[in-house]
Each structure stands twice: as C-alpha cells, then as structure tokens.
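Here is what each chain is made of, one letter per residue.
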Amino acid sequence: PQENAATVGEYQLNITEHPIPSNDVCESAIELKKFPSSIMSGSLVGATPDFDGADAQTCVSNIDTRGVWYKVEGRGAVIKLEYQLKTVGLGNSKVAIFKGSCDNLVCWNSIEGEDHYYNENDVVSYEFLAGNGEIFWILLSGEHWYTVGQYDLKMREHAVPENDSCDEAISFQAASNQQYSDKSTTVGATPDFDESSSVVLSSSCIANWYSRGVWYRFEGNGAIVRIEYQLNSVAGGDSDLSVFTGDCTNPTCIANVKGADGYYGVNEVAVHDMVAERGESYYILLAGELFTAAGEYSFSVTEYEIPQNDDCKNASVIESFPFSQRGTTIGATPDFDLFDDRCGGGLDSRGIWYMFTGNDKVTTVSFSMPNLAYGTSSQLSLFSGSCNKLKCEADFGGLDKVSFHAANGVNYWLLLSGTEFWAYGDFDLHVSQFEPPSNDSCESSIPMTAPFAGNNDLTGATPDFGGDDTTCGNGWSGAWYSFTGDGKAYMLSLNTVVTDYYFQCEINIFRGSCDELTCVSTFLGSGSNAAVSSDPLLTTSGVKYWVHIAANVVSYDSLPFQISLVQVE
C-alpha cells in the first residue's frame, strides 16, 4: 500500500530463495577425515539459524546467527584451523567448536575474526589438540543474521615431534668443554601433563598444564653445564625451559627459566647454569608459557671444563712474588656444603683455589671480576690450616685490594669466587709482598736527637702487638723511633702523603723497655693527607722514650710519611 493516493507507479519485486548448504545443520556436518592441502571455500548465504532461544549452550554471539558445520575426529595431534569470512562491515566472523553429540552439544571454545569496515574480516587462526578418538563439531558463522558471505577454510594436522614425550626424549651425552645443539619446532608438540598431574599440582616448573613442548635427556659428569633455549614465538607467550631429575614416571622439578615474550620479534633466550651431578639423569622440557607459544627453536647444552684448581686439594701453589694470573671461574663447582665452615660467600658460590706459605711479610692481594652479572659481587676468602681443616682468617667480601700479615711458616689458602652461584666469570689476580721498614720493630728503632726530621714508608710494616697487649693506640702495624729525655719538653709531628683515601694515623709514645713498654700518650689524626702532632711532652732526664708511628691503611703499595722531633719552650 502507498501512503496516499498520489503515490502510485510501476514497481519491481525480486524474491530469491538461497539454496541451503548441504552442511547447514550439525547432523549433516562435512566430516574431514583427511585435510586437503588446498583451501576449502563455501558460502553462508543460504545457511539457517542453528539454535533457538531455549538453547543454553549456543557458543555463539546471537541465537539468530547462521552457519555451516564440519566434523573432525582427533588422532592425538594438534590441528590448526584458519577461517576467513569475506564480508566487509557486516560484523565479526565466528568459529564455534563443540564436543559431545548433535543432540547434546557442549561448547568447547569460540574465536572471532574482527570486522573491518573497508576490508575483509581478519582470519581466525586457532590451534587445538584433537585427542585420539575425540569428536569435534565446528560451526563457521558470523556475528549477526546478516553476517554472511563467501568464506575460506583451511585445516591441517601438525606432525607430532619424535621427542614429544618424556619417554621419547632425545638422549645426548655432555662432554667437557663441548656443546650439544639442536634446532627444530614445537608446533606439533602436545601437552605433556594433564590437569590433575602431581607434577602440575606440586611443581613450579609448569606455567600452564596445557602448554606443550619437546624433551631431551642427558647424564651428568659432575661439571657445570649451561642450557640455552630460544623459542621463535612472536607474541605467543614466554618460552619455558624446565629441568627435571628422577624418571619419566615421577619427574622432580629442579629448575624453571623463562625467556620473555618478544612482541615484535623472537623470545629472549632462556639460560640456566647448574651442576650436573655425576651419573644423574636430567630431563629437559622445552615448551612455551601457553598452548599458543609454539614455533621453531634453537637449543644448546655446554659443559664447561672444570678448572684444575677447582678444589682446595688441587690449589695452585704460588712459589714466588710478585705473582699475576688471569683466568675464569666459569667452570668452577661449589666449594662447600651445608656443614662446612665458609668464609663469606653463599652456600652455592663457586671458585678456584691458590695456596702460598707465609714468610712474616705483609702480603697484598688484588682480585677483580670485571664482567659479573648485575647484582652479584666477587668474593675473596682467606683461610689457613689444611684442606681437611680450614680456618677462616678473613672474609674480604668484594674488596678489590687487601693486605694482611702472612705469618712465617703458615700455609694460606685463597679462594676466588663470587657471592652466589651466578657470580662467575673472568678474573685478574695479583699477589705481592713488601719488605718491612728497617725500623719495623721496637728493637730496631731509629734513634732521634732534636731537632730531627726524617722520611720513611709504612708499607710492609708488620703487626707489633698481640690482641691483649695493645695498651697505647689501636694496635695498627707501624715503624719505631726512640729518643732519650733530658728534662726538656719536646713535640712530635707526623705527616703522610696519601691523597685519595680517607684514613687515620697515630703517634704512640712509650717508656720502659721493648719487652715491657708502658704507654705515655697517644695522638690520632685523620684525613686524605692524615697528619697529627703530639702535645708538648716534658721528658725525664735519662729516660728512654719509644715512638710508634702507625696508620690503618694496609692496601697501599706505598705509604710514605715524614716525622719530626723538635724542642719546645
């Protein structure tokens, strides 16, 4: 009818009945027993709605959407589905996957391809594991009733890798200073554990029980190994490197390392260093964080050569000074267990050993590891005694340079390591000794007569006091001077020549004899050019005074000073 009598004229009416696709309903789904290599094409134009309003498991956006059906029976492999609805501006394309039967469908998953107003819809790409004998019903449709048109469908079944399960792990043998490497793909790999697996429930090795990977196996030789794994999966999720011991029936997780997802490139390399205990079997799972994190990968295991001086019993002997050596701790193994007396460092820190015999001289050790991992530090430990009964003499931590008095005839052991297992790398070691000053002891003191001015050096000065007989000053190592009183007053002055280090120096004045000294007074100075002067000292005629010059700097190659003695009114 027209709105009014004037609105009349000729008209044309076309009514088209679209043919209903042969696979319009679940019961007539096209069963794909083999996946053709070419693209399958079809049309949704004549498809009818697949569900009514009472259906609670539609797995679709709207109950009036309409599509076509395919059926797949799984063979225990991963299937990749790609679907593109060639409509423009009519709504998203939609893939719905069901399990069960046509009269009792259960929604398993649904995926959409985004609508583009000026181009065809995005391709829906989805991978899933089709378990052996499992039936899947696939509905290809659109977001709305009118979202229909031509479509392309491609499905393929990925080949399952030969090392898809722990029992089928590729075995290789690690060898000293050699690398095993392999390149392949995890695309066809299937999930390794089920949701209720004890490994999944109790392990930090599994990011997602539905993730999938491939397996390798090797036997340890008691050396350090480095495992590296890089997954070429762009925006699919982190790569996941897991290491297990035990056996395939009851694996025990010992390590899990991730390689961060590269949204615009390949994932970062997952790296793990560990001690591969001799005779222990290790199982390596190369996977992804999610089911979608699959692709080509590169994998390598390197066994580092154990240094000859890896343990105390095989320590390198330093026979002469100065001694210098460059080396690495990369293959060193941990040095202590839970019950050992460590001397700094961690329980799993690892290093190499040097040994020398003390000769009553000040010994300076310079030790640096310039390329340590961020957040780690070097560790220098000094022991005495024997390898089966080590005594910690000093924990120098991460100090680059230290000095200590090496007592005559005592065996000393230097352990060069890091503060933890991950603190390893190249190092520089320098060990030197210094001759003590000629006036290193009270008995060899240099006599002074006012006015007196002299130059000397504290480098190499040895300890002068035991722990209980330091009655004057701080007990630092120093040099000795002496003078005899005449009833007049005198002042002592000390000036040092160090300019880049804040330290303290002192003048200690004694009377009596070298084997029975009595403290008269002590004077302390500090600074980067530390200096100190005594108060005027009124002397007793005929009494001998002993002057001890000392400083708390023990790590300098030279510590020159000037001393003066003047009479005061």
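As a reminder, the structure under discussion sits directly above these lines.
Residues numbered from 1 in each chain as written. Predicted model: local features only at pLDDT ≥ 70, side-chain atom pairs only at ≥ 80, totals over all residues. Heavy atoms only, no water.

S.K.: What's the story with the overall build of the chain in this structure? I'm lost.
M.R.: Along its length, the chain carries one helix and 37 strands. Seen through its principal axes, the chain has C-alpha atoms that stretch 145 × 70 × 35 Å. Partitioning the intrachain contacts of the chain with sequence separation of at least 6 by distance along the chain shows that 78% fall at a separation of at least 24. (Helix = DSSP H or I, 4+ residues; strand = E, 2+ residues; numbered from the N terminus. Contact = heavy atoms within 4.5 Å.)

S.K.: Could you clarify how one ought to interpret the nonpolar core in this entry?
M.R.: Soluble globular proteins tend to pack their nonpolar side chains together in the buried interior. Met448, Tyr481, Phe483, Ile507, Val547, Ile549 and Phe561 are the most contacted members of the largest nonpolar core, which totals 27 residues. Among residues more than four places away in sequence, those in contact with Val547 are Met448, Ala479, Trp480, Tyr481, Phe483, Leu492, Ile507 and Asn508. (Core = buried A, V, L, I, M, F, W, Y, C linked by side-chain atoms within 4.5 Å. Buried < 20%, exposed > 50% of the residue type's maximum accessible area, 1.4 Å probe, protein only.)

S.K.: What am I meant to see in the sheet that holds strand 28 (residues 446–447) here?
M.R.: By definition, the strands of a sheet pair up through backbone hydrogen bonds, in either a parallel or an antiparallel sense. Pairing in this open sheet of five strands is mixed, and the strands run 28-30-36-32-33 from one edge to the other. Each end of this open sheet is capped by a strand with a single partner; those strands are strand 28 and strand 33 (516–527). One ladder, built from 11 bridges, connects strand 32 (residues 503–513) with strand 33; its direction is antiparallel. Residue Gly512 lies in a different strand from strand 33, and its bridge partner there is Leu517. (Pairing = 2+ DSSP bridges.)

S.K.: Would you mind going over the state of the cysteines with me for this structure?
M.R.: Each disulfide consists of a covalent bond between the sulfur atoms of two cysteine residues. Enumeration over the complete set of coordinates arrives at seven disulfides. Disulfide pairing is shown between Cys343 and Cys392; the S-S distance is 1.8 Å. Across the S-S bond linking Cys343 and Cys392, the dihedral sits near 55°, which makes this disulfide right-handed. Of this pair, Cys343 sits in the loop between strand 20 (323–328) and strand 21 (352–357) while Cys392 sits in strand 24 (residues 389–397), and the two are 49 residues apart along the sequence. A relative accessible area of 1% means that Cys343 is categorised as buried. Look at Cys392 and you get partly exposed, because its relative accessible area is 28%. The thiol of Cys505 is unpaired, and the distance to the nearest cysteine sulfur, on Cys472, comes to 14 Å. With a relative accessible area of 0%, Cys505 lands in the buried category. (Disulfide = S-S within 2.5 Å.)

S.K.: I tried to follow the pairing of strand 12 (residues 213–219) on my own but got confused; where do I start?
M.R.: Successive side chains on a regular strand alternate, one facing one side of the sheet and the next facing the other. Within strand 12, five of the seven residues are buried, leaving the element largely enclosed by the surrounding structure. In this structure, strand 10 (residues 170–171) lies alongside strand 12, joined through two bridges in parallel fashion. Its bridge partner lying in strand 12, Ile170 is registered against Tyr216. Note: strand 12 against strand 17 (residues 281–288), seven bridges, orientation antiparallel. Each bridged residue has a counterpart across the sheet, and for Trp215 the counterpart in strand 17 is Leu285.

S.K.: Looking at this structure, how should I read the packing of aromatic side chains?
M.R.: The description of two aromatic rings rests on the distance between their centres and on the angle between their planes. Summed over the entire model, instances satisfying the criterion amount to 38 aromatic pairs. When the ring of Phe51 is compared with that of Trp69, the centres are 6.3 Å apart and the planes differ by 65°; the resulting orientation is edge-to-face. Taken together, the residues Phe51 in the loop between strand 2 (40–43) and strand 3 (68–73) and Trp69 in strand 3 connect sequence positions 18 residues apart. Owing to a relative accessible area of 2%, Trp69 belongs among the buried residues under this scheme. With a centroid separation of 4.1 Å and 5° between ring planes, the pair formed by Phe172 and Tyr180 is classed as stacked. A network of ring pairs unites the aromatic residues Phe172, Tyr180, Tyr216, Phe218, Tyr282 and Phe299 as a single cluster. Over the ring of Phe421 we find Arg350; its NZ or CZ atom is 4.2 Å from the centre of that ring. (Phe/Tyr/Trp six-rings, centres within 6.5 Å; stacked < 30°, edge-to-face > 60°. Lys NZ or Arg CZ within 6 Å of the ring centre and 35° of its normal.)

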